[in-house]
Amino acid sequence: MATRTQTAAAGTNEIQRISVLGAKAGTFTLSFRGQTTSAIAYNASAATVQAALLLLATVGTGNVAVTGTVTTYLEVTFQGDLAAEDVPLLVGDGSSLTGGAVYVTTTQAAAVDVLEQQKVTLIGDAAGGTFTLT
């Protein structure tokens, strides 16, 4: 008897980076799959941005984690029900910002989980009997 692993891979969650550049005041919004957050202050914390995204029905509770700061950049990791899914890019609208703009880029593309498959081949003339896999 011989065994062989055919396919094995792990999933990778998509990460998108939000940059709010040059803003001195005002608000911005983020949209995901057709839904838009309420206004987010130009200097909001990662927790505030995360809370705004989690309120969108197209995101849902526990499906994103936001880290970083607006003064550098925020990273949105898609997880939970959105784990290892190639999600659309968040859309930032900075039209209510004073002296700034919002940019969103993908910094890590998602890779879909591939289930492992193993093939067991019986070698010889087995006309009956049993065998054990360990």
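The structure we're discussing is the one just above.
Because the structure is predicted, anything quoted here is derived from the model rather than measured. (Residues numbered from 1 in each chain as written. Predicted model: local features only at pLDDT ≥ 70, side-chain atom pairs only at ≥ 80, totals over all residues. Heavy atoms only, no water.)

Student: Break down the pairing of strand E6 (residues 64-69) for me, citing the residues and quoting the values.
Tutor: Where a strand is regular, its side chains alternate between the two sheet faces. Examined bridge by bridge, E6 and strand E7 (residues 73-78) share six bridges and lie antiparallel to one another. Within E7, the residue paired with Val-64 across the bridge is Phe-78. Following E6, the chain reverses through three residues before pairing antiparallel with E7. (Pairing = 2+ DSSP bridges. Helix = DSSP H or I, 4+ residues; strand = E, 2+ residues; numbered from the N terminus.)

Student: Help me get a handle on the side chain of Gln-16, residues and values and all.
Tutor: Looking at the element boundaries, Gln-16 is found in strand E2 (residues 15-21). A distance of 2.8 Å separates a polar atom in the side chain of Gln-16 from a polar atom in the side chain of Glu-14. Among residues more than four places away in sequence, those in contact with Gln-16 are Leu-74, Glu-75, Val-76, Phe-78, Val-87, Pro-88, Leu-89, Leu-90, Val-104, Thr-105, Thr-106 and Thr-107. (Polar contact = N/O pair within 3.5 Å; in protein donor to acceptor, adjacent residues only side chain to side chain. Contact = heavy atoms within 4.5 Å.)

Student: Go over unusual backbone geometry with me, naming the residues and quoting the values.
Tutor: Although it is not a glycine, Arg-33 adopts a positive phi angle of roughly 50°. As for its placement among the helices and strands, Arg-33 is situated in the loop between strand E3 (25-32) and strand E4 (35-36). A residue is classified by how much of its surface remains accessible, and Arg-33, at 39% relative accessible area, is partly exposed. One non-glycine residue with positive phi stands out, namely Ala-84, at about 55°. With respect to the secondary-structure elements, Ala-84 resides in the loop between E7 and strand E8 (91-93). Residue class for Ala-84 comes out buried when judged on its relative accessible area of 10%. (Buried < 20%, exposed > 50% of the residue type's maximum accessible area, 1.4 Å probe, protein only.)

Student: So, the sheet that holds strand E10 (residues 101-108): which residues are in play, and what are the values?
Tutor: Overall, antiparallel pairing links the four strands, which are arranged E6-E7-E2-E10 in an open sheet. The open sheet is flanked by E6 and E10, the only strands paired with a single partner. When the angles between neighbouring strand axes are averaged without regard to direction, this sheet yields 20°. Against the sheet, helix H1 (residues 46-54) touches E2, E6 and E7, its axis set at about 155° to E6. (Axes fitted to C-alpha atoms, helices over the stretch in contact; angles between N-to-C directions.)

Student: Account for the environment of Thr-72, with residues named and values stated.
Tutor: Tracing the backbone shows Thr-72 in the loop between E6 and E7. By relative accessible area, which is 49% here, Thr-72 ends up partly exposed. Spatially, the C-alpha atom of Thr-72 lies 8.0 Å from that of Val-20, the residues being 52 residues apart in sequence. Side chain to side chain, Thr-72 and Thr-69 meet in a polar contact 3.0 Å long.

Student: Run through the pattern of salt bridges, naming residues and quoting values.
Tutor: In this structure the tally under the stated criterion is two salt bridges. Close ionic contact of Glu-85 with Arg-33 constitutes a salt bridge, the shortest N to O distance being 2.4 Å. Of this pair, Glu-85 sits in the loop between E7 and E8 while Arg-33 sits in the loop between E3 and E4; the two residues are 52 residues apart in sequence, bridging distant segments of the chain. (Salt bridge = Lys/Arg side-chain N within 4 Å of Asp/Glu carboxyl O.)

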